[in-house]
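# Remarks on the overall topology
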Amino acid sequence: MKEERQSRREFLALTGVSVASLAGGTLLRSIVSGQTESTDADPRHADLVVFNAKVYTIDSRMPRAEALAVKGSRFVYVGTSVEAKAFIGRNTRTLDAKQMTIVPGFIDCHNHAGGNTLLYDVIVGNPFEVEFVTIASIIDKLRAKAQKTPPGYWVDGYFFDDTKVKDNRQLNMHDLDQVSTEHPVCVHHRGGHTSYYNGKALELAGINKNTPNRMGGTYDRDENGELNGRVTDRARDVFSNVGKRETFSAEQKEQRDRDGLAYISKQFVRYGLTSVHHEGGDLFALQQVRARGELLHRVSFETSGDILEAMIKDGISTGFGDEWIRFGATSEHTADGSFSERTMALSQPYAGTNPPYSGNITEKQEDLNAWAERVQRAGIQPNCHANGDVAIDMVLKAYERAQQLAPRPDVRPKITHCTLINDDLLRRIKALGAVPAPFTTYAYYNADKFHFYGEERMKHCMAYRSFFDNGIRAAAGSDFSPGPFAPLMGIQGMVTRTGWNGETWGANQRISVDEALEVNTINGAYNSHEESIKGSITPGKLADFVVLADDPHTIKQEKIKDIEIVQTVTGGSTVHQK
């Protein structure tokens, strides 16, 4: 077959089925089966051969390659451009990558993946990038919503970040009183553990300056002892049943869930994510989106509540499902507060706090123990949110106890975030075979918060170097919406430990580009017991890969996050292209 060198536009046009085709439903049958159909009956021939590429396989048996071949939904060859020609048949698409870089599809092991908020709610900050806003802009957006909302109904704003405010001060109750005194108003910090309320909301909840803090949460006050509107963690529970909230019919809710999932799937593949661990969500809507051909990434579905109870009752364990949607670990069972909002549970108080404040423990040890044992006995991979060293210790105690009382091989209990570690915690994590999923994009996106912790603590936070050195397979956990989910932003932060503001914190935890790629690919597959089918460019594995315009190994490290995602391919089908 005649070889031709294609332009990038031709490369994009030929490397697989387009997103438009997916949306139009022409791939419905192939998406449902997890395969694309071959039009060549000769079993030796591939559907696609890509050559003249810089392929980083993340497979130690062949770390680098020049070419790959795909048949159906899987890689059938990885190696040299010359040998790849043996896989070319009459209907094979042949592509000259012109030395562009190809890596396995990125995997995010912790993501609150519903897109409903992005589509339907008031967004007061940038979900995806570093952007500063003004308090006046927040008030204006919420006021516009209040003017269209009946009195007494909640007015909410989302994706607020307290260190991305041009005013250089905290949002407070008095700011939100300017939105309305007839509506309860709330601004939700993107971190998910603190919210800001106006006076009406506090009044409806019966909160005043004499109200004591609750277990696992606080009602914050200003220097005069007056409420400032900031409420943390479990203290927010009192707002759940006050005021009126917009309601939707079952049909409207299903439509919103479907639209949100289809939208977020497009965003994931735009940034190169081919597999995402979803923290809960509507499982029925997820299946409907898949059936419509609009699910562009693979899902490890992590759940709690009614679905988890049904799994336990009916004997459904981790791993049930297929290559597109499968039950994974539980959703994060929360043991403490937030890193970005400074509520995570520390063994030593936060600097400068008076009275001394050490964060919020949100679960009693005995309750955590019982939960972990019950989940483990059911054959379900446990997953706990633990940021501070105190909380990580609690979670490990619960996991260690569960393994002793109900031993199972190769459980790989998840520790979501696993932010602040020490030598003893590292030893126990390794001994247990636990799999941490620390923050990825925080080193770049949230460097402006690191001074709250100081350099000595940051030497032990998001400790990818320590995990590698201790033989612990840490994976990527963006924690979107608390952090952006862009894998390349995460990789840049892991490699440089330098933030958007030019500040470098905890440089001792830097890892190499190759190691950062492992975190975002094969370690993610290992996190969900799927390393045999994904996470590397290896014959027999699912053909999930990303084409990059530049090589993260050779580009300036401070430019890694800006590398163009030329194309994202899931199961041999192009799901995003520039």
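Residues numbered from 1 in each chain as written. Predicted model: local features only at pLDDT ≥ 70, side-chain atom pairs only at ≥ 80, totals over all residues. Heavy atoms only, no water.

Before going further, it helps to examine the pairing of strand 7 (residues 101-104). Sheet topology places strand 2 (residues 54-56) next to strand 7; two bridges connect them, and they run parallel. Within the sheet, the bridge partner assigned to Val 55 lies in strand 7 and is Ile 102. With four bridges joining them, strand 7 and strand 22 (residues 545-548) adopt antiparallel strand pairing. Along strand 22, the bridge assignment pairs Val 103 with Val 546. (Pairing = 2+ DSSP bridges. Helix = DSSP H or I, 4+ residues; strand = E, 2+ residues; numbered from the N terminus.)

So, on to the side chain of Glu 279. Residue placement: Glu 279 occurs in strand 15 (residues 273-279). The buried charged residue Glu 279 lacks any salt bridge, with Lys 414 as its nearest oppositely charged partner at 5.5 Å. A polar contact is formed between the side chain of Glu 279 and the backbone nitrogen of Glu 332, at a distance of 2.8 Å. Contact partners of Glu 279, with chain neighbours within four places excluded, come to His 110, Asn 111, His 112, Glu 302, Ser 331, Glu 332 and Asn 383. (Buried < 20%, exposed > 50% of the residue type's maximum accessible area, 1.4 Å probe, protein only. Lys, Arg positive; Asp, Glu negative; His and termini not counted. Salt bridge = Lys/Arg side-chain N within 4 Å of Asp/Glu carboxyl O. Polar contact = N/O pair within 3.5 Å; in protein donor to acceptor, adjacent residues only side chain to side chain. Contact = heavy atoms within 4.5 Å.)

With that settled, the discussion passes to the sheet that holds strand 5 (residues 74-79). Taken together, four strands build an open sheet; the order of strands is 5-4-1-6 and the sheet is mixed. A single partner strand is all that each edge strand has here, and the edge strands are strand 5 and strand 6 (93-96). Ignoring which end each strand starts from, the neighbouring axes of this sheet average 15° apart. Sheet analysis places strand 1 (residues 48-51) next to strand 6, joined by four bridges and oriented parallel. Bridge pairing in strand 6 links Val 50 to Leu 95. (Axes fitted to C-alpha atoms, helices over the stretch in contact; angles between N-to-C directions.)

It is worth spelling out the sheet that holds strand 21 (residues 435-437) at this point. Pairing is parallel in the open sheet, where four strands are placed in the order 18-19-20-21. The open sheet has two edge strands, strand 18 (333-334) and strand 21, and neither has a second partner.

A few words on the pattern of salt bridges. Going through the model one piece at a time under the given rule, you end up with 36 salt bridges. Ionic pairing is found between Lys 164 and Asp 448, a salt bridge with its closest N-O pair at 3.0 Å. Remark: Asp 448 occurs in the loop between helix 15 (442-445) and helix 16 (455-458) and Lys 164 occurs in the loop between strand 10 (155-160) and helix 7 (173-177); sequence separation between them is 284 residues. The partner of Arg 377 in a salt bridge is Glu 373, and the shortest N-O contact between them spans 3.0 Å. You can see Arg 377 and its partner Glu 373 sitting in helix 12 (residues 365-377), four residues apart, about one turn around the helix. What you see here is one network of salt bridges that share partners, running through Asp 393, Lys 397, Glu 400, Asp 424, Arg 427 and Arg 428.

Moving on, we get to helix 9 (residues 250-270). When the terminal C-alpha atoms of helix 9 are compared, their 30 Å separation across 21 residues agrees well with the 30 Å that a helix rising 1.5 Å per residue should span. Of the positions making up helix 9, those classed as buried are Arg 256, Asp 257, Arg 258, Gly 260, Leu 261, Ala 262, Ile 264, Ser 265, Gln 267, Phe 268 and Val 269. Lining the buried residues of helix 9 we find strand 8 (106-111), helix 5 (116-120), strand 15, helix 10 (283-291), strand 23 (565-570) and strand 24 (573-577). The first or second residue beyond helix 9 is Gly 272, which carries a positive phi of 95°. (Expected span 1.5 Å × (residues − 1).)

Glancing now at the environment of Glu 203. Locating Glu 203 in the fold gives a position in helix 8 (residues 199-205). The class of Glu 203 is exposed, set by a relative accessible area of 57%. Along the backbone, Glu 203 and Val 242 are 39 residues apart, and their C-alpha atoms lie at a distance of 9.7 Å.

What follows concerns the layout of surface pockets. Taken as a whole, the second largest pocket spans an internal volume of roughly 880 Å³. Around the second largest pocket sit 28 residues that line it, and Asp 220, Arg 221, Arg 230, Thr 353 and Tyr 357 are the ones nearest its centre. Contributing elements (two or more residues each) for the lining of the second largest pocket: strand 13 (217-221) and strand 14 (227-233). Per-element tally for the lining of the second largest pocket: the top contributor is strand 13, with four residues. (1 Å grid on protein atoms, 1.4 Å probe; cavity = no way out; pocket = protein on both sides within 12 Å on 5 of 7 lines; lining within 4 Å. Points joined across faces, edges and corners; volume = space filled by probe spheres on them.)

Looking now at unusual backbone geometry. A cis amide bond, omega 0°, links Asn 354 with the succeeding residue Pro 355. The omega torsion of the bond from Phe 480 to Ser 481 falls at 15°, within 30 degrees of zero and hence cis. As for its position among the elements, Ser 481 is in the loop between helix 17 (464-469) and helix 18 (487-496). A positive phi is found at Gln 99, a non-glycine position, where the angle reads about 65°. Residue position: Gln 99 is located in the loop between strand 6 and strand 7. Non-glycine residue Phe 159 carries a positive phi angle of around 65°.

Under the criterion given, the structure shown has 24 aromatic pairs. Judged by centre distance (4.9 Å) and plane angle (75°), the ring pair of Phe 480 and Phe 485 falls under edge-to-face. Phe 480 gets classed as buried once you look at its relative accessible area, which sits at 1%. Assessed through its relative accessible area of 3%, Phe 485 is described here as buried. By way of ring pairs, the aromatic residues Phe 339, Tyr 350, Tyr 357, Phe 439, Tyr 442, Phe 450, Tyr 453 and Trp 505 are connected into one cluster. The ring of Tyr 445 has Lys 164 lying over it, and the distance from NZ or CZ to the ring centre is 4.1 Å. (Phe/Tyr/Trp six-rings, centres within 6.5 Å; stacked < 30°, edge-to-face > 60°. Lys NZ or Arg CZ within 6 Å of the ring centre and 35° of its normal.)

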